[in-house]
Amino acid sequence: MNSAPRIKGWCPGALCPMMSGDGLVVRVRPPAGRLNQRQAAGIATLATRCGNGILDLSNRANVQLRGVAEDRYDTLIDGLRDFGLIDPNATVESRRNILVTPFRTAGDESDTIAAQLATALAALDAPDVSAKFGYAIDAGTEPVLKNAPADIRLERDTDGTLILCAADHAFGKPVTRHDAVQQMLDLARWSLDQPDPRVTRMSRMLSSGTLLPSGFTTPRRPATPVPQPGIHPAGVLVATAFGQIDAATLTALAALGPLRVTPWRMLLIEAATTMPTLPGLITDPADPLLRVVACIGAPGCAQGHTATRVLAGQLARHVPPGQTLHVSGCAKGCAMPRAADVTLTATPTGFDLILNGTADAVPNHTSMHAADLPVLLQKAN
Ligand code: SF4
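Thresholds applied
Residues numbered from 1 in each chain as written. Predicted model: local features only at pLDDT ≥ 70, side-chain atom pairs only at ≥ 80, totals over all residues. Heavy atoms only, no water. Helix = DSSP H or I, 4+ residues; strand = E, 2+ residues; numbered from the N terminus. Buried < 20%, exposed > 50% of the residue type's maximum accessible area, 1.4 Å probe, protein only. Polar contact = N/O pair within 3.5 Å; in protein donor to acceptor, adjacent residues only side chain to side chain. Contact = heavy atoms within 4.5 Å. Near = heavy atom within 4 Å. Nonpolar A, V, L, I, M, F, W, Y, C, P; charged D, E, K, R; others polar. Pairing = 2+ DSSP bridges. Axes fitted to C-alpha atoms, helices over the stretch in contact; angles between N-to-C directions. Arc of directions from axis to C-beta.

Peer 1: Hey, could you run me through the side chain of aspartate 56 in this one?
Peer 2: Structurally, the position occupied by aspartate 56 is in strand β4 (residues 54-57). Owing to a relative accessible area of 6%, aspartate 56 belongs among the buried residues under this scheme. Of note is the side chain of aspartate 56, whose polar atom sits 3.1 Å from the side chain of arginine 66. When neighbours within four sequence positions are excluded, aspartate 56 is seen to be in contact with Asn62, Val63, Gln64, Arg66, Gly243, Gln244 and Arg309.

Next up, the structure:
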């Protein structure tokens with residue numbers, strides 16, 4: 001039996017939905033990662049009316065409506081369009097793959113730069129990069145998106161200068177506020193000019209030996225730890241187990257303020273100063289559920305070999321603070337493309353256990369049974 005996942009060459013969007021085990025998955029890309037209160041409440045209503053009332057927060061700061069019935073899809077898109085959440089066409093939607101730091105402030109111009117980049121990517125002559133190719137505007141006081149997926153990034157040097165960065169490359173190139181967007185587009189076009197057309201992502205290009213153009217000489221600052229739920233200068237950060245949120249909780253959050261969608265599968269309630277006490281929210285940074293990551297698994301995903309989230313919830317208390325356990329329904333590893341301390345990949349014969357690797361890495365143990373996993377986890381840690 002072939003357990004290899006089917007890798008699709010595109011990223012689902014609202015205009016390019018994906019059929020899953022529980023109906024259509026419709027992925028909404030909130031402009032600049034922000035939902036005003038009307039939009040957040042509107043998505044929640046539409047999730048109930050057209051889907052199964054369950055939403056996922058993705059590691060690209062998108063919001064996915066799940067379980068959308070095919071005969072409700074057009075109604076959903078019309079509703080999302082009324083809230084200003086639908087692009088003119090699927091090509092523009094696919095290109096507008098922009099992360100913006102949730103900790104931006106009015107003075108750092110992140111929103112302005114993100115809006116200008118979105119406009120540029122909607123132009124007919126925008127770089128025709130792959131659908132997974134993404135941009136990050138990480139121009140707050142500290143770089144907080146270094147562990148989030150992006151091919152081209154904008155960060156700040158310690159003196160506040162903007163620097164253009166390519167994937168995980170250690171050095172950036174100084175740019176100005178005025179040429180930052182053009183420089184991002186030029187770098188994207190440069191990537192398209194590289195000889196191997198099969199390599200479409202910046203990190204693979206650089207790791208295969210391709211050298212960046214001149215000017216990438218400014219050392220980048222180290223990554224900051226993933227922020228935790230709590231009160232932050234920009235607002236209040238709240239999490240949900242596995243980034244899954246139901247429509248009722250989203251409606252309640254929308255009443256508290258505009259929401260910034262983060263790549264950490266948390267929502268930031270803009271300008272809030274007190275922690276909400278809503279059921280279903282994780283507000284304690286010590287909650288073990290924050291140490292586990294799991295995709296939807298079976299039966300929600302047709303490629304899943306097992307129900308991942310129930311198991312991940314049961315194993316969470318066995319994961320020490322500071323460690324991450326990734327439970328993946330198959331080797332595709334959608335929920336966590338990078339390495340976790342421990343990964344359990346479901347297969348037709350049980351679970352593969354992988355230490356410090358991704359879901360498709362060579363396993364340290366194979367065909368493990370769920371009942372044995374708590375003990376194995378304790379040994380692994
Ligand atoms: S990793 Fe999970 S969500 Fe992704 S294809 Fe496999 S089972 Fe489905």
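Peer 1: Explain the site of the ligand here, please?
Peer 2: The ligand sits among Cys295, Cys301, Gly304, Ser328, Gly329, Cys330, Lys332, Gly333 and Cys334. Across the shell around the ligand, the residue classes break down as four nonpolar, four polar and one charged.

Peer 1: Please explain the sheet that holds strand β1 (residues 18-20) as it appears in this structure.
Peer 2: To summarise the sheet geometry, strands pair through backbone hydrogen bonds and adopt either a parallel or an antiparallel arrangement. Strand order in the open sheet formed by five strands is β1-β2-β5-β4-β14, with antiparallel pairing between adjacent strands. Two strands bound the open sheet, and with one partner strand each, they are β1 and β14 (244-246). When strand polarity is set aside, the average angle formed by the axes of neighbouring strands in this sheet is 30 degrees. Running over the sheet, helix α1 (residues 37-50) touches β2 (23-28), β4 and β5 (63-68) and is turned about 20 degrees from β5. Along the sheet, helix α2 (residues 73-82) contacts β2 and β5; its crossing angle with β2, the most-contacted strand, is approximately 15 degrees.

Peer 1: Help me out: how do you make sense of α2 in this one?
Peer 2: Residues spaced three or four apart along an α-helix point in a common direction, a consequence of the helix completing one turn every 3.6 residues. Listing the buried residues of α2 in full gives Tyr73, Leu76, Ile77, Gly79 and Leu80. Taken end-on, α2 shows its buried residues confined to a sector of 160 degrees, consistent with a single buried face. Turned more than 90 degrees from where α2 packs its buried face, Asp74 and Asp82 sit exposed. In the core, the buried residues of α2 are packed alongside β2, α1 and β5. Phi turns positive one or two residues past the end of α2, at glycine 84, with a value near 75 degrees.

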